[in-house]
Amino acid sequence: MFRKPTKWSVMKQLILKDIDDLVIGSIGIVAFISFFVGGVVTIQTALNMDNPLIPRSLVGFATRQSVILEFAPTFISVIMAGKVGSFITSSIGTMRVTEQIDALEVMGINSLNYLVFPKFIALTLYPFVISIAMFLGIVGGLAACVFGGYASIDDYITGLQEDFIPFHLVYAFLKTLLFAFVLATVPSYHGYYMKGGALEVGKASTTSFVWTSVVIILLNYILTQMLLS
Amino acid sequence: MIEVTNLEKSFGDAHILKGISTTFDKGKTNLIIGQSGSGKTVFLKCLLGLFDYEKGKIAYEGQVFAELSEAEKRNMRAKIGMVFQGSALFDSMTIEENVMFPLQMFTKQSKSEMQDRANFVLNRVKLKDANKKMPSEASGGMQKRVAIARAIVNNPKYLFCDEPNSGLDPKTAIVIDNLIKEITEEYDITTVINTHDMNSVMEIGDKIVFLKDGLKAWEGSKDNIFQTDNEVVTDFVYSSNLFKKVRRMYIEDNT
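Residues numbered from 1 in each chain as written. Chains lettered and ligands numbered in written order. Predicted model: local features only at pLDDT ≥ 70, side-chain atom pairs only at ≥ 80, totals over all residues. Heavy atoms only, no water.

S.K.: Whenever I open this one, the overall build of chain A confuses me. Can you help?
M.R.: Per the secondary structure count, chain A includes 8 helices and 0 strands. If you list the helices and strands of chain A from N to C, you get α-α-α-α-α-α-α-α. A principal-axis box enclosing the C-alpha atoms of chain A has dimensions of 70 × 35 × 30 Å. The buried share among the 229 residues of chain A stands at 48%. Taking the intrachain contacts of chain A between residues at least 6 apart in sequence as the baseline, contacts between residues at least 24 apart amount to 85%. Total accessible area on chain A stands at roughly 10,600 Å², and carbon and sulfur atoms take up 73% of it. Of the charged side chains in chain A, 13 are positive and 13 negative, and the gap between their average positions amounts to 13 Å. (Helix = DSSP H or I, 4+ residues; strand = E, 2+ residues; numbered from the N terminus. Buried < 20%, exposed > 50% of the residue type's maximum accessible area, 1.4 Å probe, protein only. Contact = heavy atoms within 4.5 Å. Areas by Shrake-Rupley, 256 points an atom, 1.4 Å probe, with all protein chains shown as cover. Lys, Arg positive; Asp, Glu negative; His and termini not counted. Charge placed at Lys NZ, Arg CZ, Asp CG, Glu CD.)

S.K.: Looking at this model, I keep getting lost on the sheet that holds strand S9 (residues 207-212) of chain B. Mind explaining?
M.R.: Hydrogen bonds along the backbone pair up the strands of a sheet, which may run parallel or antiparallel. Residue and element names in this part refer to chain B. Strand order in the open sheet made by the 6 strands is S6-S7-S8-S3-S9-S10, with mixed pairing throughout. Both edges of this open sheet fall to strand S6 (80-83) and strand S10 (215-220), since each of them pairs with a single strand only. Taken pair by pair, the neighbouring strands of this sheet meet at an average axis angle of 20°, ignoring direction. Pairing between strand S3 (residues 29-34) and strand S8 (residues 190-194): 4 bridges, direction parallel. Note that in S8 the partner of Ile32 across the bridge is Asn194. (Pairing = 2+ DSSP bridges. Axes fitted to C-alpha atoms, helices over the stretch in contact; angles between N-to-C directions.)

S.K.: Hey, could you run me through the pairing of S3(B) in this one?
M.R.: Taken residue by residue, a regular strand's side chains alternate between the two faces of the sheet. All names here are of chain B. Among the 6 residues in S3, 6 count as buried, and that is most of the element. Burial of S3 is two-sided: the residues Thr29, Leu31 and Ile33 facing one way and the residues Asn30, Ile32 and Gly34 facing the other way are all buried. In this structure, S3 lies alongside S9, joined through 5 bridges in parallel fashion. Bridging from a neighbouring strand, Asn30 pairs with Lys207 of S9.

S.K.: Can you walk me through the packing of aromatic side chains in this structure?
M.R.: To describe a pair of aromatic rings, you give the distance between the ring centres and the angle between the ring planes. The tally for this structure, following the rule as stated, stands at 14 aromatic pairs over all chains. Pairing A:Phe71 with A:Phe75 gives two aromatic rings, centres 5.2 Å apart and planes at 40°, and the pair type is tilted. With A:Phe71 and A:Phe75 both in helix H2 (residues 58-97) and 4 residues apart, this pair spans about one turn of that helix. In this structure A:Phe75 comes out as partly exposed when scored by relative accessible area, which is 41%. Pairing B:Phe11 with B:Phe51 gives two aromatic rings, centres 5.3 Å apart and planes at 80°, and the pair type is edge-to-face. Separated by 40 residues along the polypeptide, B:Phe11 in strand S1 (residues 2-11) and B:Phe51 in the loop between helix H1 (40-47) and strand S4 (55-60) bring together distant segments of the chain. In textbook terms, an aromatic cluster arises when at least three aromatic residues are bridged by ring pairs, as seen for A:Phe32, A:Phe35 and A:Phe36. In this arrangement the basic side chain of A:Arg96 is found over the ring face of A:Tyr192, its NZ or CZ atom lying 4.8 Å from the centre. Across the ring face of B:Phe11, the terminal group of B:Lys9 is positioned such that the distance to the ring centre comes to 4.6 Å. (Phe/Tyr/Trp six-rings, centres within 6.5 Å; stacked < 30°, edge-to-face > 60°. Lys NZ or Arg CZ within 6 Å of the ring centre and 35° of its normal.)

Here you go:
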């Protein structure tokens, strides 16, 4: 992927296009899901706290921990495996079956570098998407709290600030960067090395989603064990 | 000129090319014909350097492609234009961007220079006012013409075409054939066409290489093909009654 790099003036355009397709184009769905799942986490936590001795601020605390540690980096990455991963596999796979990759090779262009490297670079901005997911998940929780009457804004904000461990953010963003690498490479592999026709493009997209999700979930377990235990 | 010497290629146990030797001449349209499964596409992909081969050699003007360094191969590829069976235009680019693509990759021309050159070759293939269209908005014949324009935009020395007429109506197929022939002569390039189309064989076959079961079964020109007694060739080329009649008429006219 790194050998025989594509001309920088062309690569720059490819990277910008992939940032638009993969990163900017995902913000809408990530924002929507994060806001409402954040709200659901808050509601579930509040509804399970029927002991009056437990402070209501725990709702904010539980939402923050769930969103920052797992929901935003992992759950969103699995969703992105479906959205971005399928897009990458089907777009590269279609180029394979319609001989567009052969056309690049005949011209003497390193097709792996031309197709995969810009996606790899574009997805280094993936932590930006996850930051938005974290923020909107917490805001969604706040909105659910206020409109559902589960806790006051002050209680929720107090909960958000309780026992905050900055390393949790480092852990979350380390995971995110690794997941970004998985999101760029596993779907590209399935698209680039696929064989067959249009039907196989669909199959490759499904296989790519399954494998990307499996790798993300396994990496999540290994990293959590290594960094938090 | 491209010289092929004793070329052999296998996939696992399947021996696809079994020692092909031939030459493809400059300024001529060289056709590779043969039944499906005879090894035409594998032969073409070996010529293009897309497939490695086990034995033999392919030399472009005396330079053996497989022995070139990566940089030399890259330079050599810049001299090659290719028209794929399905056109292989880049879906995400407009027709103009497709044609400008090789210039963007291999030259230091300014955008306006590249646009001028793209317009020139698009006019050459008789495609005006299609610059801003996407490939999906163009007909099959238009897509083939764009593919030819993209293939010649960087002044190649070699033009390869894989089934350039497949999926086209007979009238458009003739237009594409004539276009390839004109461009070959006009730019004095070595053109190699992989085809099933017997009309192309009769019309533009300056040199015809007939493959059967991975071997060269016959070679000659479009004139020779009317006269040959080689049963393998006549069985294939004159399999339709129409071409049998054409052959009979040709022989009658020339005796």
